[in-house]
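Structural description and commentary
What follows is the residue order along each chain.
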Amino acid sequence: MEIKIKDIEHIREAAREFIDYIGDHRVFAFYGKMGAGKTTFVKAICEELGVEDVITSPTFAIINEYAFSSWPLAISTEPTANSQQPTTIYHFDFYRIKKLEEVYDMGYEDYFYSGALCFIEWPELIEEILPDDAVRVSISEQEDGSRLVTF
């Protein structure tokens, strides 16, 4: 699937389109060059889901946790392997990870398999431990300055 983000003024529309796709998926790996808009898009998704906290890049913290209460009807509410609607978003940025052991030490499994929504930036650095059902999302800047989100 593809979503085109014409410009920053249209990012919330694109976030709503993405949310319509979520279904029973829980882990999303966001790929893209530095400055492609990964954090900005994740922020828009969080805002559309009703996160009221200030949403920032977890570059230095590695992980930010947000609570949300807006569970759109488009997202599956059928029992899944995770068996409940998430109310938590974990936003990861693995850019500063030097060794995979750091991710093991932080207890990544507790997050990735919690049933919460997990949005992961720089997943290239932890590819071998991503869940098999993680949705791979690519964001690329187009010549006209728009962004193309593919998954």
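See above for the structure.
An account of the accompanying structure is given in this report. Computed from a prediction, not measured in an experiment: that's the story for all the values here.

**Examining the environment of Tyr104**
Tracing the chain through its elements places Tyr104 in helix α3 (residues 100–105). The spacing of Tyr104 and Ser140 is 36 residues in sequence and 29 Å in space, taken between C-alpha atoms.

**A word on the pattern of salt bridges**
A full pass over the atoms with the stated rule returns 7 salt bridges. For Glu141, the salt bridge is made with Arg147, and the minimal N-O distance between the two is 3.6 Å. In this structure Glu141 comes out as exposed when scored by relative accessible area, which is 51%. Several salt bridges share partner residues, and in doing so they unite Arg12, Arg16, Lys43, Glu47 and Glu48 into one network.

**Topic: the side chain of Arg26**
Within the element layout of this structure, Arg26 appears in the loop between α1 (11–22) and β2 (27–31). Of the buried charged residues, Arg26 lacks a salt bridge, with Asp24 as the closest side chain of opposite charge at 6.1 Å. At 3.3 Å, the side chain of Arg26 and the backbone oxygen of Gly115 are in polar contact.

**Details of the nonpolar core**
Counting residues in hydrophobic clusters, the biggest one holds 29 residues, and the most contacted among them are Phe18, Phe28, Phe30, Phe41, Ile45, Ile89 and Phe119. The dominant element in this core, judged by the number of residues it contributes, is α1, at 6 residues.

**Considerations on α1**
Counting along an α-helix, one turn takes 3.6 residues, and residues three or four places apart therefore face a common direction. Along its 12 residues, α1 runs 17 Å from first to last C-alpha, staying within 8% of the 16 Å computed at 1.5 Å per residue. Listed in full, the buried residues belonging to α1 are Ile11, Ala14, Ala15, Phe18, Ile19 and Ile22. Along the axis of α1, the buried positions cluster into a sector of 145°, meaning they face one direction only. Turning to α1, the residues buried within the fold contact β1 (2–5), β2, α2 (38–48), β5 (117–121) and β6 (135–141). Gly23, located one to two residues past α1, shows a positive phi value of around 50°.

**Structural notes on the sheet that holds β5**
One open sheet accounts for 7 strands, arranged β1-β7-β6-β2-β5-β4-β3; its pairing is mixed. Looking at which strands have only one partner, the edges of the open sheet turn out to be β1 and β3 (63–67). Ignoring strand direction, the axes of neighbouring strands in this sheet form an average angle of 20°. Note: β2 against β5, 4 bridges, orientation parallel. In the sheet register, Phe30 faces β5, and the bridge partner there is Glu121. Along the sheet, α1 contacts β1, β2, β5 and β6; its crossing angle with β1, the most-contacted strand, is approximately 165°.

**Overview of the pairing of β5**
In terms of burial, β5 is a largely internal element, 5 of the 5 residues being buried. By the alternation rule, side chains of β5 split into Leu117, Phe119 and Glu121 and Cys118 and Ile120, which are all buried. As paired elements, strand β4 (residues 88–93) and β5 share 5 bridges and run parallel to each other. In the sheet register, Phe92 faces β5, and the bridge partner there is Ile120.

Rules used in this analysis
- Residues numbered from 1 in each chain as written.
- Predicted model: local features only at pLDDT ≥ 70, side-chain atom pairs only at ≥ 80, totals over all residues.
- Heavy atoms only, no water.
- Helix = DSSP H or I, 4+ residues; strand = E, 2+ residues; numbered from the N terminus.
- Salt bridge = Lys/Arg side-chain N within 4 Å of Asp/Glu carboxyl O.
- Buried < 20%, exposed > 50% of the residue type's maximum accessible area, 1.4 Å probe, protein only.
- Lys, Arg positive; Asp, Glu negative; His and termini not counted.
- Polar contact = N/O pair within 3.5 Å; in protein donor to acceptor, adjacent residues only side chain to side chain.
- Core = buried A, V, L, I, M, F, W, Y, C linked by side-chain atoms within 4.5 Å.
- Expected span 1.5 Å × (residues − 1).
- Arc of directions from axis to C-beta.
- Contact = heavy atoms within 4.5 Å.
- Pairing = 2+ DSSP bridges.
- Axes fitted to C-alpha atoms, helices over the stretch in contact; angles between N-to-C directions.

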